[in-house]
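# Fold and geometry: a report
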Amino acid sequence: MTTYDDRASHGGTPGRAQSRLGEDLTSTAERVRRSVESVIEGKPEVVRIALTVLLAEGHLLIEDVPGVGKTMLAKTLAKSIDCSVQRIQFTPDLLPSDIAGVSIYDQQRREFEFKPGAIFAQIVIGDEINRASPKTQSALLESMEERQVTIDGTTYALPSPFMVVATQNPVEMEGTYPLPEAQRDRFMARVSVGYPSPDAELQMLDVHGGISPLDDLQAVTHAHDIVKLIEAVREVYVAEPVRRYVVDLVSATRSHPDLRLGASPRATLHLLRAVKASAALSGRDYVLPDDVQALAAPVLAHRLLPTTQAQLNRRTAEQVVHDILQRTPVPAAQLRGEMPPGAGIRGF
């Protein structure tokens, strides 16, 4: 991975986003991170990606085997922020109206009354999303993309911030349905929690062996603070060579011989938004190629469909993304004249 000396190349004067954030808001991301890591032991990269997706206005898909803390990660992130939270347990008999809501006729008033579903919350936890039928999963499509729900011709706006954190078991496990391509494409990133290290598992037994780790967890920030951070992340600067680098990576997935379905233009937008948030979390108001390389696999891999031959050769989508990263030229010298004046947030 290419490394750049930010302080040598750019001055230490605070950039545009620093003036927007202020000293009180720059510590918000750190407080949320510490809160989540107090429960999710030994997984700092997973926690960072979850926070990146939140600040990038995306949705997160957590995929792994049962029992490794997928739902706990989603609950911990939700409880760390003082906002409305709803949990949906996806089962084969779950109906789309249970998610989006339904209009019920009120006989006394002689008119239909809308009863909101579980999707009307700022953070929605979808537990084991691939245990519901594709018809039920499709109830999330409009809300995840347009942040609204349409019932009987009437459109209802969803609150801000709005984030779906869904967990799923590997598709080869019993009782699961594969997520449709349109559904996967609406998730900004996919992460795998994985098994903890022996030391982290031992610490988990010592700290959480007798009580639930969520019992004593308190919210460390408010929803309106997250909205301000999201607005600041939107202003993070992306130089033209880096934007072209993002497009080149996504375009390469559409012609790779090991893939029968490449990444969509939505994936390009998601990757750009994610690297902006990642740059802000690293203390910068400008994006480097390093940010793109770090997030390429989490943002792109779950959208790709390997060919039959690639599957027979046990080639995963993540391996294909890493192959594309190796082959795609990284912008370096072009960036020297592309950075904004006074680039470089300090303390975020």
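Here's a quick rundown of the structure. Note that this is a predicted model, so its numbers are computed, not measured. The residue numbers shown here count from 1 along each chain, following its written sequence. Only residues with pLDDT of at least 70 get local features here, since the model is predicted, and only at 80 or more are side-chain atom pairs given and counted; chain-wide, interface and lining totals rely on the full set of residues. Neither water nor hydrogens contribute to the side-chain values; these are computed over all heavy atoms in the structure.

### So, the environment of Y195
- Put simply, DSSP H or I for four residues or longer makes a helix, DSSP E for two residues or longer makes a strand, and each gets a number counted from the N terminus. Relative to the elements of secondary structure, Y195 occurs in the loop between β10 (189–191) and α10 (198–208).
- Exposed residues in this analysis have more than 50% of their type's maximum accessible area, buried residues have under 20%, and partly exposed residues fall in between, with area computed by a 1.4 Å probe over protein chains only. Judged by its relative accessible area of 63%, Y195 is exposed.
- With 127 residues separating them along the chain, Y195 and V68 place their C-alpha atoms 6.0 Å apart.
- Residue contacts are counted whenever heavy atoms from the two residues lie within 4.5 Å of one another. Look past the residues within four positions of Y195 in its chain and what remains in contact with it is K43, V65 and V68.

### Notes on the pairing of strand β9 (residues 163–168)
- The buried fraction of β9 amounts to six of the six residues, a majority that puts the element mostly inside the structure.
- Residue alternation in β9 divides its side chains into two sets, M163, V165 and T167 and V164, A166 and Q168, and both sets are buried.
- Across four bridges, strand β1 (residues 60–63) lies against β9 in parallel orientation. Across the sheet, residue E63 finds its bridge partner in β9, namely Q168.
- In terms of strand pairing, strand β6 (residues 123–127) meets β9 through four bridges, oriented parallel. Pairing of V124 across the sheet is with V164, part of β9. We call two strands paired when DSSP finds no fewer than two bridges between them.

### Here's the deal with the packing of aromatic side chains
- Side-chain rings of Phe, Tyr and Trp, where Trp is taken by its six-membered ring, are said to pair if the distance between their centres is within 6.5 Å; with planes under 30 degrees apart they count as stacked, over 60 as edge-to-face, and otherwise as tilted. For the structure on display, the rule yields four aromatic pairs.
- Pairing F114 with Y156 gives two aromatic rings, centres 4.1 Å apart and planes at 10°, and the pair type is stacked. On the criterion of sequence distance, the pair formed by F114 in strand β5 (residues 111–116) and Y156 in strand β8 (residues 154–157) is long-range, its members being 42 residues apart.
- Given the relative accessible area of 23%, Y156 is considered partly exposed.

### Regarding unusual backbone geometry
- Of note, the bond from S160 into P161 is cis; its omega dihedral lies within 30 degrees of zero at -5°.
- The backbone of E128 shows a phi angle near 55°, a positive value even though the residue is not glycine.
- Here E128 is to be found in the loop between β6 and α7 (134–137).
- Phi is positive for R147, which is not a glycine, with a value near 55°.

### A look at a nonpolar patch on the surface
- Patches here are clusters of residues that have more than 30% relative accessible area and form no salt bridge, with a 9 Å joining cutoff for like charges and a 5 Å cutoff for nonpolar side chains (Val, Leu, Ile, Met, Phe, Trp, Tyr). Computed with the Shrake-Rupley method and a 1.4 Å probe, the accessible areas treat only the protein chains shown as cover for residues. Here a salt bridge means any side-chain nitrogen of Lys or Arg lying within 4 Å of a carboxyl oxygen belonging to Asp or Glu. Taken together, the side chains of L202, M204 and L205 make up a nonpolar region of the molecular surface, amounting to roughly 280 Å² of accessible area.
- Mapping L205 onto the fold places it in helix α10.
- Its relative accessible area of 52% is what places L205 among the exposed residues.

### Quick look at the pairing of strand β4 (residues 101–106)
- With six bridges connecting them, β4 and β5 associate as antiparallel partners. Residue pairing across strands places Y105 opposite F112, the latter belonging to β5.
- Following β4, the chain reverses through four residues before pairing antiparallel with β5; R110 in that reversal takes a positive phi of roughly 55°.

### Here we look at the nonpolar core
- Residues L60, L271 and V292 are the most contacted members of the largest nonpolar core, which totals 70 residues.
- When residues no more than four places from it in sequence are discounted, the contact partners of L271 are V246, V250, V292, L295, A296, V299 and L300.
- Grouped together as the second largest cluster of nonpolar side chains are 24 residues, L94, F114, A118 and I119 included. Nonpolar cores were defined as sets of buried Ala, Val, Leu, Ile, Met, Phe, Trp, Tyr and Cys residues, with membership established by side-chain atoms within 4.5 Å.

### As for the sheet that holds β6
- Here we have five strands laid out as an open sheet, ordered β3-β6-β9-β1-β10, and parallel in their pairing. The sheet terminates laterally at β3 (85–89) and β10, the two strands that pair on one side only. On average, each strand axis in the sheet is inclined to that of its neighbour by 15°, with strand direction left out of account. Every axis in this analysis is a line fitted to C-alpha atoms, fitted for helices over the stretch in contact. Angles between the N-to-C directions lie between 0 and 180 degrees.

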